[in-house]
Amino acid sequence: MTMEHKNLAGLSREELVAEVVAMGEKPFRSKQLWHWIYHRGETDFDRMTTLAQPLRTALAENYVVKRPRVSNMQTSGDRTRKWLVQFGDHQEAETVFIPEDDRGAVCISSQVGCTLTCTFCRTGTQKLVRNLTAAEIVGQFMLARDSYDEWPTPTDGGRMISNIVMMGMGEPLLNYDNVAKALTIIMDNEGIALSKRRITLSTSGIVPMMQRCGEELGVNLAVSLHAVRDELRDVLVPINRKHPISELLDACRAYPGANNARRITFEYVMLKGVNDSDADAKELVRLLQGIPAKFNLIPFNAWEGAPYECSSNTRMRRFAEILNDGGFSAPIRVPRGRDILAACGQLKSASVRGQRQAGPANSER
């Protein structure tokens, strides 16, 4: 039985140094490898021409640089692209690229399935299978770059894939260590070099991790709010029973780096007759006073078996108007990728927890 070669993609700088030194090479070789893997996107050691041939041969005998496998790719009529991504254990998650005219965002998953069971979200109908590793998270961004031929990293900032949103399958703050490692790799100035200002992490309200995320990563924060009363949010976003609205908003007020230039985005899915009244909008204005905030109003994206309907266009416009009058930016998001189930709240894979999987994978293998 042959040992599987270790994947260098997804290793931190320190881990890459350790691998190179273990091979008997000087530590500076790791910087060259880092450049090839994360700046140039190279997967073939033979093409890493700044490395000596004996080193390239030794690397090929012991290591690989690989992405997760794409088992299916769909492109929507509005150019949104969705990949069903398969990992080494055959579990799957979904990754989405949402293009604009001259830029776009990759929506990355942090878990296979989800543990939060938000009732308006299709992902919430799939039980948590496991956490994704840092390599699997970085790999989603790298395969998106492959798909759009965006290697090497442009030095002038001009690139189609300009942003990351950690808004795919799963709750990023319940897999914080792997998410933080992956985003640190992505933000490194000598590799992919994506600025923290171009990365948004979305949480349903894992209050104990929010401060740490702000201090260590400094990325933009988005909060899935969706209700102004605890009794409703307990149903829509069940984590609210553990961390109610008042506690969540206190954590938002304390989020490091939040200011008028870098406001926290509050995501609010518009559910007909559930959370879309004038009174709800006015209470939102009251609740968020003193928080540097903006809203992202999300028309509910239907899926088979969903227990909700989307608010009418008239109702959504009136809701946005009240928030605007209260001093908040509140655009209504234009749904993207609905025809391929790639829109917000529609992601799901067929992965199921295996008999022998005792729990989530929390670290690199």
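Report on the accompanying structure. As the structure is a prediction and not an experimental result, all values here were calculated from the model.

1. Details of the pattern of salt bridges
Next up, step 1: In this structure the tally under the stated criterion is 22 salt bridges.
Next up, step 2: Ionic pairing is found between Lys181 and Glu15, a salt bridge with its closest N-O pair at 2.8 Å. With Lys181 in helix H5 (residues 176–187) and Glu15 in helix H1 (residues 13–22), this pair connects stretches of sequence that are 166 residues apart.
Next up, step 3: The exposure class assigned to Lys181 is buried, which follows from its relative accessible area of 17%.
Next up, step 4: In this structure Glu15 comes out as partly exposed when scored by relative accessible area, which is 31%.

2. Details of the sheet that holds strand S9 (residues 163–166)
Next up, step 1: Ordered in space as S3-S4-S5-S6-S9-S10-S11-S12-S13, the 9 strands form an open sheet in which the pairing is mixed. The sheet terminates laterally at strand S3 (69–75) and strand S13 (293–299), the two strands that pair on one side only. Direction aside, neighbouring strands of the sheet carry axes that sit 20° apart on average.
Next up, step 2: Where strand S11 (residues 220–224) meets strand S12 (residues 264–270), 3 bridges bridge the pair, whose relative direction is parallel. Looking across to S12, one finds that Val223 is bridged to Phe266.
Next up, step 3: Helix H10 (residues 313–325) rests against S12 and S13 of the sheet, and its axis sits at about 175° to S13.

3. What about the environment of Ser277?
Next up, step 1: Along the chain, Ser277 falls in the loop between S12 and helix H9 (278–287).
Next up, step 2: It is 38 Å that separates the C-alpha atoms of Ser277 and Ala180, two residues lying 97 residues apart in sequence.
Next up, step 3: A polar side-chain atom of Ser277 sits 3.0 Å from a polar atom in the side chain of Asp280.

4. Examining unusual backbone geometry
Next up, step 1: Note the cis peptide between Trp151 and Pro152, where omega equals -5°.
Next up, step 2: Mapped onto the elements of the fold, Pro152 is located in the loop between helix H4 (134–147) and S9.

Cut-off values and rules
- For every chain, the first residue of its written sequence is number 1, and the numbers climb from 1 along that sequence.
- Selection of residues for local features in this predicted model requires a pLDDT of at least 70, selection of side-chain atom pairs for listing and counting requires 80 or more, and totals for whole chains, interfaces and linings are taken over all residues.
- Note that water and hydrogens are dropped before the side-chain values are worked out from all heavy atoms of the structure.
- Salt bridge, as used here, is a side-chain nitrogen of Lys or Arg placed within 4 Å of a carboxyl oxygen of Asp or Glu.
- We count a stretch as a helix when DSSP gives it H or I for four or more residues in a row; a strand needs E for two or more, and each element gets its number in order from the N terminus.
- Remark: exposure states derive from per-residue accessible area (1.4 Å probe, protein chains only) relative to the maximum for the residue type, with buried under 20%, exposed over 50%, and partly exposed in between.
- Strands are treated as partners if at least two bridges between them are detected by DSSP.
- Interaxial angle, 0 to 180 degrees, is taken between N-to-C directions of lines fitted to C-alpha atoms, where a helix line uses only the stretch in contact.
- Contacts are residue-level and defined by heavy atoms, with any inter-residue pair within 4.5 Å sufficient.
- Counted as a polar contact is a pair of N or O atoms within 3.5 Å, where, for protein atoms, one must be capable of donating a hydrogen and the other of accepting one, and residues adjacent in sequence contribute only when both atoms are in side chains.

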